[in-house]
2 protein chains.
Amino acid sequence: MTTINDIARLANVSRSTVSRCLNDNGYVSEDARKRIMEVIEETGYMPSQSAKSLRTKKTGVIGVILPKISTETASRVVSGINDVLQANQYQILLTDTSLQKTKEIEFIRLLQSRNVDGIILLGTNKDQELIQAIDQAQVPVVVLGQEIPVTTSVVYPDAQATSHMIEFMLEKGYKKIGFIGAPETDPAVGITRKKAYKETLAKHAISYRDEWVQTGDFAIESGYEKMKQIMEESKDQRPDSVFVVTDNMAVGAIQYIKEQNMQIPKDIAVAATGASTLSQYIEPSLTTIDFLNEEAGATTAQCLLDAIDGKKARKKMEHTYRLLIRNSV
Amino acid sequence: MTTINDIARLANVSRSTVSRCLNDNGYVSEDARKRIMEVIEETGYMPSQSAKSLRTKKTGVIGVILPKISTETASRVVSGINDVLQANQYQILLTDTSLQKTKEIEFIRLLQSRNVDGIILLGTNKDQELIQAIDQAQVPVVVLGQEIPVTTSVVYPDAQATSHMIEFMLEKGYKKIGFIGAPETDPAVGITRKKAYKETLAKHAISYRDEWVQTGDFAIESGYEKMKQIMEESKDQRPDSVFVVTDNMAVGAIQYIKEQNMQIPKDIAVAATGASTLSQYIEPSLTTIDFLNEEAGATTAQCLLDAIDGKKARKKMEHTYRLLIRNSV
DNA sequence: TTTATTTGTGGTATCGATTCCACTTTCGGT
DNA sequence: ACCGAAAGTGGAATCGATACCACAAATAAA
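Residues numbered from 1 in each chain as written. Chains lettered and ligands numbered in written order. Predicted model: local features only at pLDDT ≥ 70, side-chain atom pairs only at ≥ 80, totals over all residues. Heavy atoms only, no water.

**Student:** Please explain the sheet that holds strand β9 (residues 269-273) of chain A as it appears in this structure.
**Tutor:** All names here are of chain A. With respect to topology, six strands assemble into an open sheet ordered β7-β6-β8-β9-β10-β12, the strand pairing being mixed. Of all strands in the sheet, those with a lone pairing partner are β7 (213-215) and β12 (322-324), marking the two edges. Pairwise comparison of adjacent strand axes, ignoring direction, gives a mean angle of 15 degrees for this sheet. Two strands pair when backbone bridges link them, and strand β10 (residues 287-290) and β12 are joined in this way by three bridges, in the antiparallel orientation. Along β12, the bridge assignment pairs Ile-289 with Leu-323. Where helix α9 (residues 187-203) meets the sheet, it contacts β6 (177-181), β7 and β9, and its direction lies at approximately 170 degrees from that of β6. (Pairing = 2+ DSSP bridges. Helix = DSSP H or I, 4+ residues; strand = E, 2+ residues; numbered from the N terminus. Axes fitted to C-alpha atoms, helices over the stretch in contact; angles between N-to-C directions. Contact = heavy atoms within 4.5 Å.)

**Student:** Explain the protein's contact with DNA strand C here, please?
**Tutor:** Close to DNA strand C lie 29 residues, the nearest being Ile4(A), Ser19(A), Ser48(A), Arg55(A) and Arg20(B). The side chain of Arg15(A) places a nitrogen or oxygen atom 3.3 Å from a base oxygen of DNA strand C. Interatomic distance of 2.7 Å between a side-chain N/O atom of Ser16(B) and a base oxygen of DNA strand C. Contributions of two or more residues to the surface near DNA strand C are made by α2 (15-23) and α4 (49-56) of chain A together with α2 (15-23) and α4 (49-56) of chain B. (Near = heavy atom within 4 Å. Polar contact = N/O pair within 3.5 Å; in protein donor to acceptor, adjacent residues only side chain to side chain.)

**Student:** It is not clear to me how the protein's contact with DNA strand D should be interpreted in this structure. Could you clarify?
**Tutor:** Around DNA strand D sit 30 residues, and of these Arg20(A), Ile4(B), Ser19(B), Ser48(B) and Arg55(B) come closest. When the atoms of DNA strand D within 4 Å of the protein are sorted by group, sugar and phosphate make up 57%. One nitrogen or oxygen atom from the side chain of Arg55(B) is found 2.2 Å from a base oxygen belonging to DNA strand D. Counting only elements with at least two residues in the surface near DNA strand D, the list comes to α2 and α4 of chain A together with α2 and α4 of chain B. If one sorts the elements of the surface near DNA strand D by residue count, α4(B) sits on top with five residues. Looking at side-chain class alone, the surface near DNA strand D contains 11 nonpolar, 12 polar and seven charged residues. (Nonpolar A, V, L, I, M, F, W, Y, C, P; charged D, E, K, R; others polar.)

**Student:** Where do I start with unusual backbone geometry in this structure?
**Tutor:** Across residues other than glycine, the phi torsion is negative in most instances, and most of the peptide bonds are trans. Omega for the bond connecting Ile264(A) with Pro265(A) falls within 30 degrees of zero, at 0 degrees, which places this linkage in the cis form. Residue position: Pro265(A) is located in the loop between α11 (247-259) and β9. That bond from Glu283(A) to Pro284(A) is cis: its omega, -5 degrees, falls within 30 degrees of zero. Along the chain, Pro284(A) falls in the loop between α12 (277-281) and β10. Of note, the phi angle at Lys57(B) is positive, near 65 degrees, even though the residue is not glycine. In this fold, Lys57(B) is placed in the loop between α4 and β1 (61-66). Residue classification places Lys57(B) among the exposed residues on the basis of a relative accessible area of 63%. Positive phi, normally seen in glycine, also occurs at Leu99(B), with a value near 70 degrees. Take Leu99(B): it is sitting in the loop between β2 (91-96) and α6 (101-113). (Buried < 20%, exposed > 50% of the residue type's maximum accessible area, 1.4 Å probe, protein only.)

Take a look at the structure:
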C-alpha cells in the first residue's frame with residue numbers, strides 16, 4: 001500500500017506539502033501541486049482513513065442501529081438516511097439487533113469504540129438502561145420512532161395519525177371499531193396508538209369493548225390469530241371494522257376474514273398502518289397510514305448532522321404522515 | 001476520551017501491560033490484571049479502533065455495495081451477510097449505488113481507503129472497468145449474483161431454476177409460454193434467464209415467438225406495460241402463460257390481466273422469480289422461484305471470511321433454489 | 001549452588017496521516 | 001533600496017494503539 005510518504009518522496013516534496021495539497025489548506029505552489037497530483041494518479045494512492053481519523057478524531061462514519069434490516073420499514077428508513085449521509089460524504093456502519101434490546105446498548109458502545117461521528121437508533125423501547133446509555137454516549141445520538149428525553153428524537157405522529165384514521169372510519173359510518181395492537185414494550189406502537197384509539201372513541205362517545213381489542217406481535221400470522229380471536233370472542237356483537245397498528249398484521253387479519261367468506265369492507269372493514277408495498281397490491285388494497293419512512297430517515301440523518309455540527313438542539317421532531325385511502329374501508 | 005495511557009497511569013503499569021492484558025497475549029500477573037480491569041470498569045474505557053487498525057491493518061469492517069437497499073432482495077441478502085459477519089465480530093459498512101454503475105467502482109475505491117478488510121458486491125453487471133477494479137483491489141472482493149472471473153463469486157442458479165420452472169409449466173400443459181425479461185446490462189437476469197427460457201423451449205420442440213417476449217425494467221409498472229404489450233401484439237395467437245424474471249414485474253402483469261377480466265391461471269398462468277412476501281399474499285398467490293436470499297448472503301459472507309483468512313480459492317459457487325408452487329400456474 | 005527457563009514488566013519504534021512552527025524566498029509598496 | 005507581508009516548504013510532535021526487545025525476578029532443573 002502506498003502511503004503519503006511514498007507520494008512525498010516520488011514528488012520530491014515533504015509529506016507536509018502533500019497533506020496540504022490534498023486538504024487544500026495552506027500554500028502549495030502550482031508546480032508542486034502538479035507533480036503531486038501526477039504521482040497520486042500514477043500510484044492510485046488513497047489516504048488511509050485509519051491514520052487520518054486517529055489524528056483528526058473524525059471518521060466520516062455514522063453508526064445505524066436497526067431492530068431488523070430485512071423489514072420494509074427499516075430498509076426504507078436506511079435508504080433515506082443513506083441519501084442524506086452520502087450527499088455529505090458520510091458512510092453508514094450498520095448493526096442489527098435482531099430485536100434484542102440488550103444489543104441496542106451493546107451496539108451504542110461498540111459503535112463508539114469504532115469512533116463513529118454519530119449514531120442513529122431506530123428505537124423500539126424506552127428502557128431506563130437504554131436512555132442512560134444514550135445519555136452517556138460521547139457522540140451525538142438521534143433516535144427515530146420513540147421519544148427519548150435525553151437526546152434529539154424524530155417521532156412518527158402515532159397519536160395524531162391513528163386518531164385521524166379512526167375518525168375517518170367513523171365518518172364512513174363504522175361505529176363498531178375493533179383494534180389489533182402491539183406489545184407495550186414498544187411505547188410508540190404499543191401504547192401511544194392504543195391510547196389514541198381509545199381516546200378517539202371516547203371523544204365521539206363510542207363505547208370501548210375489551211373483546212374487540214387484541215395485541216399481536218407484528219408477524220402476519222399473529223394478525224390472523226388475533227382477528228380470529230376477536231371474531232370468536234364476540235359472536236353476539238361483532239365489530240364492523242378493525243384498525244390494525246401494522247400493515248403486516250392487517251394482511252393476516254384480511255386472510256382470516258377472507259377464509260370466513262366475509263367481504264371487505266362490506267362485512268368488516270380493515271384499516272392499517274405502514275403503507276407497505278404489500279398493502280397496495282393485496283386484495284382489497286389496504287387503507288393505511290403512510291409514515292413516509294424514507295423522508296423520516298432523511299430527516300433523522302439531517303438532525304444528526306446538525307448535532308455533529310454543534311447545533312445540539314435536543315429537540316423532539318414530529319414527522320408528517322398521510323392517509324392512503326384505498327379499498328379496505 | 002480516556003486512552004490506554006490513562007489506564008496505564010491509573011493502574012500503575014505501562015501501556016504495554018495494558019495492551020497485553022486486553023489482547024490476552026504475553027504475560028500479565030493476576031495482580032496487575034485485576035487493577036487494570038478495575039480502572040477500565042471505572043472509566044468506561046474503550047480502545048480506539050482507529051489507532052488499533054492503523055497499527056494492525058485490520059478494521060473488522062466489511063464493505064457491502066448494494067444496487068439499492070430499499071429492496072426486499074437486497075435487505076434479505078444483507079440480513080444473511082450480517083448474521084455471519086456479526087458472529088465473527090465484523091461490522092458492515094454499507095454503500096448504495098442507486099443503480100449507477102460508475103458508483104460501484106467508486107465505492108470499491110472508497111471502501112479501500114476506509115481500510116475495510118474485505119468487500120461484498122451485489123453484482124448488477126460485468127463491465128470491463130468493474131472487473132478491472134475488482135482485480136486491482138488490495139482486499140478480497142466477493143461478488144454475489146454475477147459470475148466475475150477474477151474473483152470468488154456466488155451465483156444464483158439462474159439457468160437451472162428458469163429451466164426447471166419452464167418445464168414445470170410445460171408439464172402442467174402450458175405450451176404457449178410468454179416471457180417478460182430484464183435488460184441485458186444485467187447478464188445474470190437479463191441474458192442467462194432468457195437464454196434458459198429459449199433453450200428449454202427448444203429442448204421440448206416448442207417454437208419461440210418474438211411477440212410473446214418483452215423486456216421490462218424491474219418496476220411493477222413495467223410488468224404491467226409489458227404484459228399489455230404482449231397481449232395487444234398477439235391478438236391472433238395469445239400465450240396461455242408467461243414467465244416473468246422478477247416477482248415485482250409479475251405483480252404488474254397480474255394487475256393488467258385482472259383488469260382485462262381474465263382468470264389466472266385459467267386464461268393465462270403466471271410464474272415468477274424471487275419469492276417476495278408480496279408474491280405470497282397477492283391474489284392469486286404466485287408460483288415463483290425462491291433463491292433463498294438470506295442463505296445466499298450468508299454463503300457470500302462466509303466466502304469472504306475464507307478469502308480474508310488466506311483460503312483464496314477464487315471459485316465460482318452456485319447457490320441453491322427451490323420452486324414455490326402456489327396458485328398462479 | 002548454579003544454570004536454565006518461565007513469568008512479568010517497561011521502553012521504544014512504528015503505523016500514516018495532520019498541524020503547528022520556523023525558516024526561506026518572492027513580491028509589492030514607499 | 002529597504003521593509004514587511006504573503007507565499008511556499010520542511011521538520012517534528014502528535015494521535016492511541018501494538019509488538020518487539022531487553023531485562024529483572026521467580027521458579028525449576030541440574
